[in-house]
Amino acid sequence: MDARTKGRFLFTVGLLYGFYWPAPVFSKGNPAGQSDTLAPVQGTLPHFIQEPEDAYIVKSNPIKLRCRATPALQIFFKCNGEWVHQNEHTSQEYKDHNTGLKVREVMINVSRQQVEDFHGPEDYWCLCVAWSHLGTSKSRKATVRIAYLRKNFEEDPQGKEVPISGMIVLHCRPPEGVPAAEVVWLKNDEPLSSLTDDNIDTRADHNLIINEARLSDSGNYTCLASNIVAKRRSATAAVIVYVNGGWSLWTEWSACNVPCGRGIQKRSRTCTNPAPLNGGAFCEGMSVQKITCNAVCPIDGGWDEWSEWTVCSSQCERQRSRECNSPAPRHRGKICEGNSKATENCTDGLCTQNMENSIDVALYSGLGAGVVAVVILVVAVMLYRKNHSDYGVDVIDSSALTGGFQSFNFKTTRQGNPLLLNSSMQPDMTVGRTYSTPLCFHDSADKELFDPLPDIKVKVQSSFMVSLGVAERAEFHAKVPSESYPQDLGCDFCSTVDKSKKGPLTLNGPFSSSREQLRTSGVFGHVGGRLVVPNTGVSLLVPHGAVAENMSWEMYMVINQGEASSQTLEGCEILLGPEVTYGPSGLDLFCPVAMTIAHCAEVDAENWNIQLRRKTQDGKWEEVMSVEEEATACYCLMDSASCHLLLDQPGSYALVGEPLTQAAVKRLKLAVFGSIESGSLNYSLRVYCVDDTPHAFQGVVAAEKTKGGQLLEEPKMLPFRANTFSLQVSIQDVPQFLWSIKPFTTCQEFSFPQVWCSNQQPLHCAFSLERYSPATAQLSCKISVRQVKGHEQILQVYTPVAEGGKESVPFFMQTDCTVTSQTGPKAFKIPLSIRQRICATFDTANAKGKDWQLLAQKLHLDRNLGYFAKQRSPSAVILSLWEARHQDTADLDSLASALEEIGKVHSKSSPKDPDEAEPDLNHIQAGGLYGAGELAAPDSEDRAPDHTG
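Scope of this entry: the structure provided in the associated data block. For clarity, every value in this text was computed on a predicted model and none was experimentally measured.

1. Observations concerning the overall build of the protein
- Regarding its fold elements, the protein presents 14 helices and 48 strands.
- In the protein, which comprises 949 residues, the share counted as buried stands at 45%.
- In the protein, 71% of the contacts between residues at least 6 apart in sequence involve partners at least 24 apart.
- As presented, the protein carries roughly 48,400 Å² of accessible surface, and 51% of it is formed by carbon and sulfur atoms.

Written out as structure tokens, the structure reads:
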């Protein structure tokens, strides 16, 4: 028989004989082998101090069942109706210090195998039986079960989009398990409790109910089920609480945008009452209303007819007068110019009264004029010698000898520029001044010397007449009607330029030799990248995620060389930058691309009306938006030198500007090039005036490369105002005993329409000089470029002229001028992991306002927020715009500072819980933007293996 059956037999026999020998018991603290037999307590049945409790077997670990009773001679376990063998018991006996009674304790182990081998109608169970002299007592039954928790939830919570103040109900049925799993709800991995938030109700059926949805309730919700075996996480349910947009009140009507005649008044409203959030619907209707207005035009005063002469007075004079009443000045009109009274001698000089006094006055006036003339001549000679002592050669300054004085700021040293032929040799004589009278005059006799553009009317006059100021005002050849344009500036001046006639250098951009550099392409996938047209200020940023996964597009970007866009301009409109096309036409993107185009306008909403236009399929140009108005079709951000566009549709785009006042300014880039004519003593200086964009300057570069020209001075910028006055270019301070220039050929002029309506086309004029001797190895002079009643710039020329003396210096020295396409992480300033972390933080609405609108505000991109509200991820689009705006600088300080400022603001606004949302921002600042590399993934939760029962 087996051990258990043998034990039961001996135990039964012992009972029949009325006695049972207890097994030796070892008490705690007694040495091994020493028995401590306790005498039984007479007169009571055994009483259980501890009964066996229900237990669960986890994995393969056995469980222990315990019993304690007093008084008891013996205690045995009975499992599933059968006695457990004595050898499987562990017992001990000790004295309870509180009661003085002797207590017997018995313990057995139950293994997983024993429970699995039992196949009864009920669960595996055990109880204790205790004996004393008066009888036996039984304990309660304790069940033993194998614990487990299945993997799959019977029902996972589902994501929802709920309007604000709506009810949110999330269902969860945990996996089957023993013991039954307990459920806890997590929001963004943080536990939720109905005890701390009355708006939340966690039901006994494990469902989560949010009675009234708030913006702060947006987030990722997870159902967490757990028991003694394992924890299980359900699928994450994204809950988005959205807000539909509402219009604000209309603003007051603006003032009429013209001071005279027919104009426009505007009023606007914004979709901020409330602003749409988290995909909420944008406001329907127009954000801007326009009506026509008529501003009263000023009427200048006019003189009446002169009155009759008065009777001759005793002083031999008579008088007459007139009034400024034909018409009288009204509506801010000018008063009459001139005198209202006139006086004349009425005796034809026969009146002799006070004649001697008149003779004395005339004598003294003549003597005074003579003295002043001598003083001026002495001062002129002294200034001439002082000014030219710095050159090291005897230079004759024609203006000094003829009485014209100009003050310059000499600098002995300055930083060298790699673009210049000899930047360290010449002094800087740059002067920026504003004049109200012309400096030079013109004669058409020597027009062929300058190789000017067609239709430029040039008149020259000697520098002697210029310096003495005896010549009349420079001619202005443009017809400037003033009926409709604000402040007397006509709107049809651009039509006076014959666009069908072009000179050798008036191309729209570079020569044909550079056309290949004006098209770039690359293959882009899901990771995105950047396209750049080198040295043109034009680029295209394709954000990460714009292209679908497992897809790729060959994208291209072209700067158009034709004149289609400029020929369609009307009135005062001009091109402010190159016309750019990107494609292909069937491009399908998930988010907008960011295009950057350089422009040449001094941006000012009061002086400019700047529009973005797109070419339609039939070749016409349509207005997309005005940069000062809000629009949802695209986004336009104007910086001082570049325009950054967020575009959804491929196509051809151009930036067009219309001046609203004479204060509108277009930037011109001025450059002077030189080349020596082989085998002769002639030297040619070519001065270029071009719109201040890198693309337009490439036309100059291409032309000069074919001529072997060398850049003689660092290019400078000249503000050119829309005041209808012409641009004059003159050469000054040529050493007259070393160089000869044709008489009366020192000044040239561009009419206002040619400069203002150049539309990215270079304009130039040339000066031809001849050396008297081959030994002359240096040329020093100044080139003055100025707008009449405007600004002036001085280009200082100081260069060696020996043939083959120096090689041409390249005009563009950027290290990345040949890089046209970048893909993947290297194309972006912000690492992908940081970008994703920022989007996850700010795309989710927060009750404290820490969302994408705050990010846009801190990055100074908080205009036209309605455009961002329409995007799937507003934060991602904002970061793409930031990338495009800062592509030329690798500095991430502005972004880090913005995130740090957001963190400080919210730590102050919630002092009771400062760590609630700040770890994300601090981690982004410290870990990503300052070089800590990729963000660490969150610790994965230890998951218990599936049940093995």
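Now that the structure has been shown, we can carry on.
2. Observations regarding the pairing of strand 15 (residues 182-187)
- Relative to strand 19 (residues 219-226), strand 15 runs antiparallel, the two being bridged by six bridges. Residue pairing in the sheet places glutamate 182 in a bridge with serine 226 of strand 19.
- Looking at chain direction, strand 15 and strand 16 (residues 190-191) are connected through two bridges and run antiparallel. Each residue of the ladder has a partner; that of leucine 186, found in strand 16, is proline 191.

3. What to know about the state of the cysteines
- Applying the stated criterion across every chain yields a total of eight disulfides.
- Two residues share a disulfide in this structure: cysteine 67 and cysteine 128, whose sulfurs sit 1.7 Å from each other. The S-S bond linking cysteine 67 to cysteine 128 shows a torsion near 95°; that makes this disulfide right-handed. Of this pair, cysteine 67 sits in strand 3 (residues 63-70) while cysteine 128 sits in strand 8 (residues 124-132), placing them 61 residues apart in sequence.

4. Brief notes about the packing of aromatic side chains
- According to the stated counting rule, one finds 13 aromatic pairs in the structure shown.
- Taking the centre distance of 6.4 Å and the plane angle of 70° together, the rings of tryptophan 852 and phenylalanine 868 count as edge-to-face. In this pair, tryptophan 852 sits in helix 10 (residues 852-858) while phenylalanine 868 sits in helix 11 (residues 865-869), placing the two residues 16 residues apart along the sequence. The same class applies to tryptophan 852 as to phenylalanine 868, namely buried.
- The structure contains a cluster of three or more aromatic residues connected by ring pairs, namely Trp608, Phe720, Phe752 and Trp756.

5. Things to note about the sheet that holds strand 18 (residues 208-210)
- The sheet built from three strands is open, its strands ordered 13-18-17 with antiparallel pairing. Looking at the sheet topology across the chains shown, the edges are occupied by strand 13 (168-170) and strand 17 (200-202). Strand-to-strand, the axes of this sheet are offset by a mean angle of 10°, without reference to chain direction.
- Sheet analysis places strand 13 next to strand 18, joined by three bridges and oriented antiparallel. By the bridge assignment, valine 169 is partnered in strand 18 with isoleucine 209.

6. Remarks on a nonpolar patch on the surface
- Nonpolar side chains collect at one region of the surface, where Val371, Val375, Val379 and Leu383 lie side by side and expose about 310 Å² of accessible area between them.
- Relative to the helices and strands, valine 375 resides in helix 3 (residues 355-388).
- Classification of valine 375 as partly exposed rests on a relative accessible area of 48%.

7. Considerations on the nonpolar core
- Core analysis: the biggest nonpolar cluster contains 72 residues, and Tyr582, Leu685 and Ile783 have the highest contact counts within it.
- In terms of nonpolar packing, the next biggest core, distinct from the first, is built from 36 residues, Val243, Tyr635, Cys839 and Ala898 among them.

8. Focus on the sheet that holds strand 3
- Spatial ordering of the open sheet is given by 1-3-7-6, a layout of four strands whose pairing is antiparallel. Here the strands that pair on one side only, and so sit at the sheet edges, are strand 1 (47-50) and strand 6 (90-95). Sheet twist, expressed as the mean angle between neighbouring strand axes with direction ignored, is 30°.
- Pairing of strand 3 with strand 7 (residues 102-110) involves seven bridges; the strand directions are antiparallel. Pairing of cysteine 67 across the sheet is with valine 106, part of strand 7.

9. Here we look at unusual backbone geometry
- Residues valine 178 and proline 179 are joined by a peptide bond in cis, for which omega reads -5°.
- Its identity as a non-glycine residue notwithstanding, lysine 59 has a phi of 55°, on the positive side.
- With respect to the helices and strands, lysine 59 occurs in the loop between strand 2 (55-57) and strand 3.
- We classify lysine 59 as partly exposed; its relative accessible area is 44%.

10. Things to note about the pairing of strand 35 (residues 635-638)
- Because side chains alternate across strand 35, one face comprises the buried residues Tyr635 and Leu637, and the other comprises Cys636 and Met638, equally buried.
- For strand 35 and strand 36 (residues 642-647), the ladder comprises four bridges, and the chain directions are antiparallel. Bridge pairing in strand 36 links tyrosine 635 to leucine 646.
- Two successive antiparallel strands, strand 35 and strand 36, enclose a turn made up of three residues.

11. Let's talk about the pattern of salt bridges
- Inspection of the entire model under this criterion finds 25 salt bridges.
- Linking aspartate 123 and arginine 145 is a salt bridge whose minimum nitrogen-to-oxygen distance equals 3.7 Å. With aspartate 123 in the loop between helix 2 (112-117) and strand 8 and arginine 145 in strand 10 (residues 142-146), this residue pair connects regions lying 22 residues apart in the sequence.
- Given a relative accessible area of 39%, aspartate 123 falls into the partly exposed group.
- Arginine 145 sits in the partly exposed class, given a relative accessible area of 32%.
- Bridged by salt links that share partners, the residues Asp197, Arg214 and Asp217 form one connected network.

12. Some remarks on the side chain of aspartate 692
- Within the secondary structure, aspartate 692 is located in the loop between strand 39 (682-691) and helix 7 (694-707).
- Setting aside its immediate chain neighbours within four residues, aspartate 692 contacts His599, Cys600, Arg667, Leu668, Lys669 and Met717.

Quick notes on the rules
Residues numbered from 1 in each chain as written. Predicted model: local features only at pLDDT ≥ 70, side-chain atom pairs only at ≥ 80, totals over all residues. Heavy atoms only, no water. Helix = DSSP H or I, 4+ residues; strand = E, 2+ residues; numbered from the N terminus. Buried < 20%, exposed > 50% of the residue type's maximum accessible area, 1.4 Å probe, protein only. Contact = heavy atoms within 4.5 Å. Areas by Shrake-Rupley, 256 points an atom, 1.4 Å probe, with all protein chains shown as cover. Pairing = 2+ DSSP bridges. Disulfide = S-S within 2.5 Å. Phe/Tyr/Trp six-rings, centres within 6.5 Å; stacked < 30°, edge-to-face > 60°. Axes fitted to C-alpha atoms, helices over the stretch in contact; angles between N-to-C directions. Patch = residues over 30% accessible without salt bridge, like charges linked within 9 Å, V, L, I, M, F, W, Y side chains within 5 Å. Salt bridge = Lys/Arg side-chain N within 4 Å of Asp/Glu carboxyl O. Core = buried A, V, L, I, M, F, W, Y, C linked by side-chain atoms within 4.5 Å.

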